[in-house]
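Structural overview for review
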Amino acid sequence: MTSSSLEVRPAQRTRFARYRHSLWLLTKRDLRVRYSTSALGYLWSILDPLVMSAIYWFVFTVIFHRGVGEDPYIVFLLAALLPWMWFNGAVSDSTRAFLRESKLIRSTMIPRTIWVNRIVASKGIEFLLSLPVLAVFAIATGARVNIDILLFPLAVLIQTVLTIGIGLLIAPLVVLFRDLERVVKLALRFLFYASPIIYSARDLPGGCGGADVAAKHCAAYAAAHPDAIGDTLFSLHFWSAFNPLTGIFSLYRATFFAAELDWFLVGVSAAMSVVILLVGWLVFKRYERDVLKEI
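Residues numbered from 1 in each chain as written. Predicted model: local features only at pLDDT ≥ 70, side-chain atom pairs only at ≥ 80, totals over all residues. Heavy atoms only, no water.

Now for a nonpolar patch on the surface. Side chains of Trp57, Phe58, Val62, Ile63 and Phe64 sit close together on the surface and give an oily, nonpolar patch of about 500 Å² of accessible area. Position of tryptophan 57 among the secondary structure elements: in helix H3 (residues 44-63). What makes tryptophan 57 partly exposed here is its relative accessible area of 38%. (Patch = residues over 30% accessible without salt bridge, like charges linked within 9 Å, V, L, I, M, F, W, Y side chains within 5 Å. Areas by Shrake-Rupley, 256 points an atom, 1.4 Å probe, with all protein chains shown as cover. Salt bridge = Lys/Arg side-chain N within 4 Å of Asp/Glu carboxyl O. Helix = DSSP H or I, 4+ residues; strand = E, 2+ residues; numbered from the N terminus. Buried < 20%, exposed > 50% of the residue type's maximum accessible area, 1.4 Å probe, protein only.)

Encoded structure:
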């Protein structure tokens, strides 16, 4: 029996196997096109976060002598900025997921969700390829890796679920409402500062009696002011949990900063990511036929 006779033909594969194979081919095509047309290639995937990190590091450590985050700040910053680049790039590109490949979408019978998933996959691979930058800075600054690095795959999983959900939600709606593309870009700009990237969720007021008392100082504040009345429910730290990226970034940062891990934030983030995925899938299925007519 020859090896060729043992190979499974495309028609004989399961539906999931065919989907996975097509997804991998489209993802490789995206990466090949993106890097083959530029002289620097892979370096572009790390230059953008490096430049942004350098700017924020200079502003917050040299000019303003920051009072947020952890030391070393460059590692603290990159641990959230790199996954943000994945999220931002995937959501931005999802607004044109159908418009950019309209002819190919109309002429193939591939499940249409794949046009969103291949964007999330290609941006996710770029994120993984940029992790050596974080490792280099961690070694150079003496940042210590702790046991919470085992939670890194969980962070990747939750972010994948969240990003796919948002992509499935906005990809068909942008085709039907073109102004939504600009709205998404504005929302992403707002979300960058509303998410704990240049600061920590622990730097937000924790509702422990003082309007300006950060959550990370609540224990010390309560010990010094035993009569203080707390109101955690209406604190910024509490409501930040309903930004799914907050819990995701806390998982990434826990690799180097154990105090950043907050299971309440992670739990809310995971639950919201699943809900967003379900809503995104329902919206996608609801408008899929309308999108095919428009493109």
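Next comes the rest of the account.
Inspection of every chain in the model, using the stated rule, returns 16 aromatic pairs. Here the aromatic rings of tryptophan 84 and phenylalanine 192 are separated by 5.6 Å at their centres, their planes lie at 65°, and the arrangement is edge-to-face. Taken together, the residues tryptophan 84 in helix H4 (residues 73-94) and phenylalanine 192 in helix H8 (residues 180-194) connect sequence positions 108 residues apart. By relative accessible area, which is 4% here, tryptophan 84 ends up buried. What makes phenylalanine 192 buried here is its relative accessible area of 6%. (Phe/Tyr/Trp six-rings, centres within 6.5 Å; stacked < 30°, edge-to-face > 60°.)

Position of leucine 81 relative to the elements: it lies in helix H4. Separated by 29 residues in sequence, leucine 81 and methionine 52 place their C-alpha atoms 8.5 Å apart. With near-sequence residues (within four places) excluded, leucine 81 lies in contact with Pro49, Met52, Ser53, Phe192 and Ile197. (Contact = heavy atoms within 4.5 Å.)

Right, let's talk about the side chain of aspartate 262 for a bit. Structurally, the position occupied by aspartate 262 is in the loop between helix H11 (244-253) and helix H12 (263-294). Despite its burial, aspartate 262 pairs with no opposite charge; the closest candidate is arginine 202, at 7.2 Å N-O. At a separation of 3.0 Å, a polar atom in the side chain of aspartate 262 contacts the main-chain amide nitrogen of phenylalanine 264. What aspartate 262 contacts, discounting residues up to four positions off in sequence, is His237 and Ser250. (Lys, Arg positive; Asp, Glu negative; His and termini not counted. Polar contact = N/O pair within 3.5 Å; in protein donor to acceptor, adjacent residues only side chain to side chain.)

Another aspect to go through is H8. Between the first and last C-alpha of H8 there are 20 Å, a value that for 15 residues agrees with the 21 Å anticipated at 1.5 Å per step. The set of residues buried in H8 consists of Glu181, Val184, Leu188 and Phe192. Burial along H8 is one-sided: seen end-on, the buried residues are contained in an arc of 80°. Exposed residues lying more than 90 degrees from the buried face of H8 are Arg182, Leu186, Arg189, Phe190 and Tyr193. Elements in contact with the buried residues of H8: H3, H4 and helix H7 (152-176). (Expected span 1.5 Å × (residues − 1). Arc of directions from axis to C-beta.)

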